[in-house]
Amino acid sequence: MLKTVSGGVCAAKGFRAAGIHVGVKTHNPEKKDLAMIVADQDCAAAAVFTTNVVKAAPIHVSRAHLADGRARAVIVNSGNANACAPQGEENAERMCAAAAKAIGCRPEEVLVASTGVIGQTLRISVIEEGVPQLYDLLEHSEAASDAAAHAIMTTDTVKKEVAVETTVDGKTVTMGGIAKGSGMIHPNMGTMLCFITTDCAISPEMIREALLETAKVSFNRISVDGDTSTNDTCLVLASGLAGNREITDKDGDYETFVTALKELCTRLARMMAKDGEGARHLITCTVSGARDEAQAETIAKSVISSTLTKAAIFGCDANWGRVLCAMGYSGEQFDPDQVDVSFASSAGEIAVCGKGRGLPFDEDLAKKILSQDEVEINIQMAEGDGVCTCWGCDITYDYIKINGDYRT
């Protein structure tokens, strides 16, 4: 039984967090820009990173620190991506060293992440000076998770934070997560950072398997703008303090854990898609009746990534032809004469295409349906039993405004 709880990354036993302003960007004196999540003890840990060939320095450092599948803490800054930047890896290591000194652990036990502008030298001195204050503010509280969630935001308009409880081996297991991501998001992740904590006892091998399995059906099924970032990072730490028998195999307890993790990550993924830069609509595309899940996923991703489909949804225009067009260039082979399409929202559902041909429909009703802030594109094929849902957002004038002067 899955239950939603409060507390974010501090909901699970054994974790504290904090977020403060240190001045990573000199022209933004109010924005929190440095966060830490610290475990009371050594944790099993795992991560997934960007598929972009160009990777930010923190990714190389965190990957090396995760070689043994263990970690104690995460330090994160916003305002500067520390990607393609002078002294990038040196500064990422200095962030870890500063955190480790405050915590009293080895630098190799600290993971690091950054987000913001690419190519600019990180103001490492303000981070090092701010770490002692940040450490003093660490708390096991909902407010502490909130502060950390706000500190990792860049162009996000709302924080992304979720926590859930489930039962594993008769024990209550809690997991919580915070994330950031608004633009430069595309399947296979994108300018997203996500930090997940859990008190489940689980081996490093199994937590890595669980995260890989989960990322494929959550973060890798969202798209905002077709760009994949240099900094994508999703980290999970497990303190083991829930008291359950350690999960070391893919048994029933593992499946229960994965089910909860997928729910947590899917909620965070939907929040990121809905908060796309300048977006007004969350788009959910579900493909049913595909040959298999892989075909359904490819087609759904193609639809949510289509600029023309995004523009049509922005204009509340039931232009289903954009949907079929995006399906057609997805790279998958299918019979277009067997495709049905409908649009749906809280205002109702309307069929617009049947067997690959346009259907007569009420344009006013269609506009009303597409005017809601969450819109569904439902595609029915006749290829098999494959089903997949992906999430995206519309594209608006504000997207251009936000990204036209992002650096300056």
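For the structure, check the block above.
Conventions used here
- Note that residues are indexed from 1 along each chain, following the sequence as it is written.
- The predicted origin of the model limits local features to residues at a pLDDT of at least 70 and limits the giving and counting of side-chain atom pairs to 80 or more, whereas totals for whole chains, interfaces and linings rest on all residues.
- As a convention, hydrogens and water are excluded, and side-chain values are obtained from all of the structure's heavy atoms.
- Strands here mean DSSP runs of E at least two residues long; helices mean DSSP runs of H or I at least four residues long; both are numbered from the N terminus.
- In this setup the radius of gyration rests on C-alpha atoms only. A globule is expected at 2.2 Å times the number of residues raised to 0.38.
- Relative accessibility thresholds used throughout: buried, under 20% of the residue-type maximum; exposed, over 50%; partly exposed, between the two (1.4 Å probe, protein chains only).
- For every accessible area listed, the method is Shrake-Rupley and the probe measures 1.4 Å; residues are considered covered only by the protein chains on display.
- What a helix should span is 1.5 Å times the count of its residues minus one.
- What makes two residues a contact is simply this: any of their non-hydrogen atoms within 4.5 Å.
- Under this scheme, a helix contributes an axis fitted over its contacting stretch, all axes are lines through C-alpha atoms, and angles between N-to-C directions fall in the 0 to 180 degree range.
- Roughly parallel refers to an angle under 35 degrees, roughly antiparallel to one over 145, roughly perpendicular to one between 65 and 115, and oblique to any angle outside these ranges.
- Two helices cross in a left-handed way if the nearer one is turned anticlockwise from the farther one by less than a right angle. They cross in a right-handed way if the turn is clockwise.
- Following DSSP output, two strands are said to pair if at least two bridges run between them.
- In this charge count, Lys and Arg are treated as positive and Asp and Glu as negative; neither His nor the chain ends contribute.
- When a carboxyl oxygen of Asp or Glu is within 4 Å of a side-chain nitrogen of Lys or Arg, the pair counts as a salt bridge.
- We call two N or O atoms a polar contact when they sit within 3.5 Å, provided that within protein one can donate a hydrogen and the other can accept it, with sequence-adjacent residues counted only if both atoms are side-chain atoms.
- Relevant arc is that of directions from the helix axis to the C-beta atoms, nothing else.

(A) Seen up close, the overall build of the chain. When its secondary structure is counted, the chain shows 11 helices and 15 strands. In summary, the chain has a C-alpha radius of gyration of 22 Å against a globular reference of 22 Å for 408 residues, a match within 12%. Dimensions of the chain, computed from C-alpha atoms along their principal axes, come out at roughly 70 × 55 × 35 Å. Every one of the 408 residues in the chain was classed for burial, and the buried ones make up 58%. Only carbon and sulfur atoms are counted for the fraction: they give 48% of the accessible area of the chain, which is about 15700 Å².

(B) Focus on helix H2 (residues 88-103). In a regular helix each residue adds 1.5 Å, so 16 residues correspond to 22 Å; H2 covers 23 Å between its end C-alpha atoms and thus fits that length. Among the residues of H2, those classed as buried are Gly88, Asn91, Ala92, Met95, Cys96, Ala98, Ala99, Ala100 and Ile103. Taken together, the buried residues of H2 touch strand S3 (34-49), helix H1 (57-65), strand S4 (70-80), strand S5 (110-117) and helix H3 (124-136). Following H2 by one or two positions, Gly104 has its phi on the positive side, about 90°.

(C) Seen up close, the packing of helix H7 (residues 293-305) against helix H9 (residues 320-328). Put simply, H7 and H9 touch, their axes get as near as 8 Å, and they point 130° apart. Relative to H9, the element H7 lies oblique. The two elements H7 and H9 cross, and the hand of that crossing is right-handed. Contacts between H7 and H9 involve Ile299, Ser302 and Val303 on the former and, on the latter, Val323, Ala326 and Met327.

(D) Spotlight on the sheet that holds strand S10 (residues 282-290). The strand order across the open sheet built from 6 strands is S13-S12-S11-S14-S10-S15, with neighbouring strands paired in mixed fashion. Every other strand in the sheet has two partners, leaving strand S13 (357-358) and strand S15 (386-393) as the edge strands with one partner each. Bridge count between strand S11 (residues 340-345) and strand S12 (residues 348-354): 5 bridges; the pairing is antiparallel. Looking across to S12, one finds that Phe343 is bridged to Ile350. Against the sheet, helix H10 (residues 363-370) contacts S11, S12 and strand S14 (374-380), and its axis sits at roughly 120° relative to S12.

(E) Quick peek at unusual backbone geometry. For Cys84, which is not glycine, the phi dihedral falls at a positive 55°. The topology assignment puts Cys84 in the loop between S4 and H2. Classification of Cys84 as exposed rests on a relative accessible area of 55%. Even without being glycine, Lys355 reaches a positive phi, approximately 55°. Mapped onto the secondary structure, Lys355 falls in the loop between S12 and S13. A relative accessible area of 48% means that Lys355 is categorised as partly exposed.

(F) Representation of the environment of Ile124 in the model. Relative to the helices and strands, Ile124 resides in helix H3. By relative accessible area, Ile124 is classed as buried at 8%. A sequence separation of 140 residues divides Ile124 from Leu264, and the C-alpha atoms of the two residues are 33 Å apart. When neighbours within four sequence positions are excluded, Ile124 is seen to be in contact with Asn91, Arg94 and Met95.

(G) How the structure looks around the side chain of Asp394. Tracing the backbone through its elements, the reader meets Asp394 in the loop between S15 and helix H11 (397-404). We note that Asp394 is buried and unpaired, the nearest opposite charge coming from Arg280 at a distance of 5.9 Å. Reaching out from Asp394, the side chain makes a polar contact with the backbone nitrogen of Arg280 at a distance of 2.9 Å. Each residue touching Asp394, except ones within four places of it in the same chain, is listed here: Ala279, Arg280, His281, Ile283, Lys310, Ile313 and Phe314.

(H) Representation of the environment of Ser141 in the model. With respect to the element layout, Ser141 can be found in the loop between H3 and helix H4 (142-151). Along the sequence, Ser141 and Ile118 sit 23 residues apart, while their C-alpha atoms lie 33 Å from each other. Among residues more than four places away in sequence, those in contact with Ser141 are Gly7 and Cys10. Side chain to side chain, Ser141 and Glu139 meet in a polar contact 3.0 Å long. A distance of 3.1 Å separates a polar side-chain atom of Ser141 from the backbone nitrogen of Ala144.

(I) Inspection of helix H5 (residues 204-216) at higher detail. Given a rise of 1.5 Å per residue, 13 residues ought to cover 18 Å, and the 19 Å separating the end C-alpha atoms of H5 matches this to within 8%. Within H5, the full set of buried residues consists of Pro204, Met206, Ile207, Ala210, Leu211, Thr214 and Ala215. Buried residues of H5 fall within an arc of 160° about the axis and therefore sit on the same side. Those residues of H5 that are exposed and angled more than 90 degrees off the buried face are Glu205 and Lys216. Contact partners of the buried residues in H5: S3, S4, strand S9 (233-238) and helix H6 (252-274).

(J) Region of the structure containing the pattern of salt bridges. In total, this model carries 20 salt bridges according to the counting rule given. Where Arg245 meets Asp253, a salt bridge forms, and the shortest distance between an N and an O atom there is 3.0 Å. Of the residues examined, Arg245 reaches a relative accessible area of 42% and is grouped as partly exposed. Given the relative accessible area of 16%, Asp253 is considered buried. A salt bridge links Arg291 to Glu332; the nearest nitrogen and oxygen atoms lie 3.0 Å apart. Here Glu332 lies in the loop between H9 and S11 and Arg291 lies in the loop between S10 and H7, a separation of 41 residues in the sequence. Here Arg291 falls in the partly exposed class, since its relative accessible area comes to 44%.

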